[in-house]
Amino acid sequence: MRKHFTVAITDRSLTVARDQAGIDAEARLDGIYVIRTLVPETELDAAGTVTAYKNLKYVELRFAGTPAVVPVLTEPTSRQKQAFDLIGAPVPAVLRK
């Protein structure tokens, strides 16, 4: 928190004082964040932007239990079959048709 103190060092003294003006200026901004969006203001005003930002927690909660990789149901390619044969593993059910 060095930025909130002024330090004066001379040959005979060391003076440390609180920078109250800097502390007060930072306190005025405490808890204020900038939220930017590419959505035009005609579609989403400032209050709507804040609400949408606060509701992101519900989206994150929804995807918390979702696997990071979504399996694609396709016929395995010959290379995939060879790879599974090479390691001695069965072809996963999501790749079987």
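Our subject is the structure that appears above.
These figures come from a predicted structure and were not determined experimentally.

What counts, and where the lines are drawn
- Residues numbered from 1 in each chain as written.
- Predicted model: local features only at pLDDT ≥ 70, side-chain atom pairs only at ≥ 80, totals over all residues.
- Heavy atoms only, no water.
- Helix = DSSP H or I, 4+ residues; strand = E, 2+ residues; numbered from the N terminus.
- Buried < 20%, exposed > 50% of the residue type's maximum accessible area, 1.4 Å probe, protein only.
- Contact = heavy atoms within 4.5 Å.
- Areas by Shrake-Rupley, 256 points an atom, 1.4 Å probe, with all protein chains shown as cover.
- Salt bridge = Lys/Arg side-chain N within 4 Å of Asp/Glu carboxyl O.
- Pairing = 2+ DSSP bridges.

K.L.:
How would you sum up the overall build of the protein chain? Please name residues and give values.
P.N.:
Looking only at helices and strands, the protein chain has four helices and two strands in total. Along the protein chain, from the amino end to the carboxyl end, the secondary structure elements read β-β-α-α-α-α. Looking at the protein chain as a whole, 7% of its 97 residues are labelled buried. The long-range fraction of contacts in the protein chain, counting pairs at least 24 apart against all pairs at least 6 apart in sequence, stands at 0%. Accessible area for the protein chain stands at about 9100 Å²; split by element, carbon and sulfur atoms hold 60% of it.

K.L.:
Tell me about the pattern of salt bridges, and please be specific about residues and values.
P.N.:
It is possible for side chains bearing opposite charge to pair when their charged atoms get close. All chains considered together, the criterion is met by one salt bridge. For Lys 3, the salt bridge goes to Glu 26, with nearest N and O atoms at 3.1 Å. With Lys 3 in the segment before β1 (5-9) and Glu 26 in helix α1 (residues 20-29), the pair connects residues that are 23 residues apart, well separated along the chain. Accessibility expressed as a relative area gives 57% for Lys 3, which makes it exposed.

K.L.:
I'd love a proper account of the side chain of His 4, names of residues and values included.
P.N.:
By the secondary structure assignment, His 4 is in the segment before β1. A residue is classified by how much of its surface remains accessible, and His 4, at 10% relative accessible area, is buried. Other than its neighbours up to four places away in sequence, His 4 contacts Ala 17, Arg 18, Asp 19, Gly 22, Ile 23 and Glu 26.

K.L.:
Break down the pairing of β1 for me, with residues and values.
P.N.:
In terms of strand pairing, β1 meets strand β2 (residues 14-18) through five bridges, oriented antiparallel. Among the inter-strand pairings, Ala 8 is bridged to a residue of β2, identified as Thr 15. Where β1 folds back on β2, the antiparallel hairpin that results is connected by four residues.

K.L.:
Please give an account of the side chain of Thr 49 that cites residues and values.
P.N.:
Residue position: Thr 49 is located in helix α2 (residues 46-54). Ignoring anything within four residues of it in the chain, the contact list for Thr 49 reads Ile 35, Thr 37 and Leu 44.

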